[in-house]
Amino acid sequence: MTNANQNIRALIVAAGTVATAAGIGAAALVNFRNFKGRLAENAAELNETLPVHSLWWRTHAKVKGELLYVAIGDSAAQGIGASEPHRSYVGLLADHIRLATGRTVRVVNLSVSGATVELAVRDQLPRFVKLSPDIVTVAIGANDIALWDPATFEAGIRELFAVLPAHTLVADLPCFHLPRNERKVAVANQILRTVAAEHDLTVVPLHATTKRQGLRSIATHVASDLFHPNDRGYRMWAEAFLPAVGAQAARLVPRELAPQ
């Protein structure tokens, strides 16, 4: 009888354990689904800012300036995830150029949200070749990682870089932190650096700058969709560009303002 009671108690405990585990699993599944739902809502909310940012840049491209700064890129150049379009790294760099040179700056932001390298060649390059910019920045390729094809990526990079002027500043891809994506990014950045070297283009260390922030940056430097940078993240992107942009700006300072 004692053994029977012990067996019954053991079955009850086991059943309770299974039920508890099932409850925890169910709760985790519900929480994950809720998280995915909130993430989708946040992404949809940011998507609604796409036309707002695009219109802002098109409008400001009409503002005259002594210097012309042209940006090629994707949604990061548009500033998606920032509180205002001008808080993107492009807007921050334009402000720096104005301060460093003491000259007015016209910004033509050719970037298109969702652009891959291939789409940048198709949509942005034809507009770019009609311009004569004093400063050029390029940050493209992050969207290629989702459907990664090294051959397509390299073909696009070669076509794009062949047209860019020698003073162009090209950012490598930012850090994605997740190992699976980082392996693709490593290949992409090796291709990018190799082709940039062939054309004597300056490579901006965006990957190293964003990697230094570590995984904690997902909570501090990323927008609510967990993909685009936020204001703080864009300041970090601008920081990666600043040494090279500063060097470019120095050559654009009017002679009468330059240090003797």
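Residues numbered from 1 in each chain as written. Predicted model: local features only at pLDDT ≥ 70, side-chain atom pairs only at ≥ 80, totals over all residues. Heavy atoms only, no water.

J.: Give a detailed account of the overall build of the protein, specifying residues and quantitative values.
T.: Counting its secondary structure elements, the protein contains 10 helices and five strands. Buried residues in the protein amount to 42% of all 260 residues. At a minimum sequence separation of 6, the contacts of the protein that also span at least 24 residues come to 79%. Surface accessibility of the protein: about 13,900 Å² in total, with carbon and sulfur atoms responsible for 59%. (Helix = DSSP H or I, 4+ residues; strand = E, 2+ residues; numbered from the N terminus. Buried < 20%, exposed > 50% of the residue type's maximum accessible area, 1.4 Å probe, protein only. Contact = heavy atoms within 4.5 Å. Areas by Shrake-Rupley, 256 points an atom, 1.4 Å probe, with all protein chains shown as cover.)

J.: Go over the pattern of salt bridges with me, naming the residues and quoting the values.
T.: Using the criterion set out here, one finds five salt bridges in the structure. Taking the shortest distance from any N to any O, the salt bridge between Asp123 and Arg122 comes out at 2.7 Å. Taking the shortest distance from any N to any O, the salt bridge between Glu154 and Arg158 comes out at 3.0 Å. Here the residue Glu154 and the residue Arg158 both occupy positions in helix α6 (residues 150–161), the gap between them amounting to four residues, near one helical turn. You can call Glu154 partly exposed: its relative accessible area is 29%. (Salt bridge = Lys/Arg side-chain N within 4 Å of Asp/Glu carboxyl O.)

J.: Any chance you could break down the environment of Glu84 for me, citing the residues and the numbers?
T.: Mapping Glu84 onto the fold places it in the loop between α3 (75–78) and α4 (89–101). Residue classification places Glu84 among the partly exposed positions, given a relative accessible area of 39%.

J.: Pulling in residues and values, what's your account of helix α5 (residues 117–128)?
T.: With 12 residues, α5 extends just 14 Å between its outermost C-alpha atoms, more than 12% less than the 16 Å of an ideal straight helix rising 1.5 Å per residue. When α5 is considered as a whole, its buried residues turn out to be Val117, Ala120, Val121, Gln124, Leu125 and Phe128. On an axial view of α5, the arc spanned by its buried residues comes to 130°, and they lie on one face. Where α5 is buried, its residues contact β1 (67–73), β3 (135–139) and α6. (Expected span 1.5 Å × (residues − 1). Arc of directions from axis to C-beta.)

J.: Any details on the confidence of the model for the protein? Residues and values, ideally.
T.: Across the protein, the average pLDDT comes to 85, with 80% of residues at or above 70. Ignoring residues within four places in sequence, the model shows residues 10–30, a span with pLDDT below 50, making zero contacts including any to other chains. (pLDDT = per-residue confidence, 0-100.)

J.: Account for the packing of aromatic side chains, naming residues and giving values.
T.: Enumeration according to the criterion identifies five aromatic pairs in this entry. With a centroid separation of 6.4 Å and 65° between ring planes, the pair formed by Tyr234 and Trp237 is classed as edge-to-face. Here Tyr234 pairs with Trp237, and both are found in helix α10 (residues 231–250), just three residues apart, close to one helical turn. Through a chain of ring-to-ring contacts, the aromatic side chains of Tyr89, Tyr234, Trp237 and Phe241 assemble into a single cluster. (Phe/Tyr/Trp six-rings, centres within 6.5 Å; stacked < 30°, edge-to-face > 60°.)

J.: Describe in detail the sheet that holds strand β4 (residues 169–171), supporting the description with residues and values.
T.: Across the sheet, which stays open at both edges, the five strands sit in the order β2-β1-β3-β4-β5 with parallel pairing between neighbours. Each edge of the sheet is formed by a strand with only one pairing partner; in this case those strands are β2 (105–109) and β5 (202–204). Ignoring strand direction, the axes of neighbouring strands in this sheet form an average angle of 20°. Bridge count for β3 against β4 is two bridges, and the pairing is parallel. By the bridge assignment for β4, Thr137 is matched with Leu169. (Pairing = 2+ DSSP bridges. Axes fitted to C-alpha atoms, helices over the stretch in contact; angles between N-to-C directions.)

J.: Before we move on, could you go through the nonpolar core and cite the residues and values that matter?
T.: Counting 33 residues, the largest nonpolar core has Ile72, Phe128, Val138, Phe153, Leu160, Phe161 and Leu164 as the members making the most contacts within it. Those elements that provide at least two residues to this core are β1, α5, β3, α6 and α7 (179–198). Ranked by residues supplied to this core, first place goes to α7 with six residues. In contact with Phe161, other than residues within four places in its own chain, are Val170, Leu192, Val195, Ala196, His199 and Leu201. Trp57, Val90, Leu169 and Val204 belong to the second-largest nonpolar core, a separate cluster that totals 28 residues. (Core = buried A, V, L, I, M, F, W, Y, C linked by side-chain atoms within 4.5 Å.)

J.: Before we move on, can you summarise the packing of α4 against α10 with the specific residues and values?
T.: One way to put it is that α4 packs onto α10 with a least axis distance of 9 Å and a crossing angle of 35°. Taken as a pair, α4 and α10 cross one another with a handedness that is right-handed. Across from Tyr89, Leu92, Leu93, His96, Ile97, Ala100 and Thr101 in α4, the residues of α10 making contact are Tyr234, Arg235, Trp237, Ala238, Phe241, Leu242, Val245, Gly246 and Ala249. (Left-handed = near helix turned anticlockwise from the far one by under 90°.)

J.: So what's going on with the side chain of Asp144? Residues and values would help.
T.: Mapping Asp144 onto the fold places it in the loop between β3 and α6. No salt bridge forms around the buried Asp144; measuring N to O, its nearest opposite-charge neighbour Lys184 is 12 Å away. Within the structure, the side chain of Asp144 is placed 3.0 Å from the backbone nitrogen of Val117, a separation counted as a polar contact. Every residue in contact with Asp144, bar those within four places of it in the chain, is listed here: Thr116, Val117 and Phe153. (Lys, Arg positive; Asp, Glu negative; His and termini not counted. Polar contact = N/O pair within 3.5 Å; in protein donor to acceptor, adjacent residues only side chain to side chain.)

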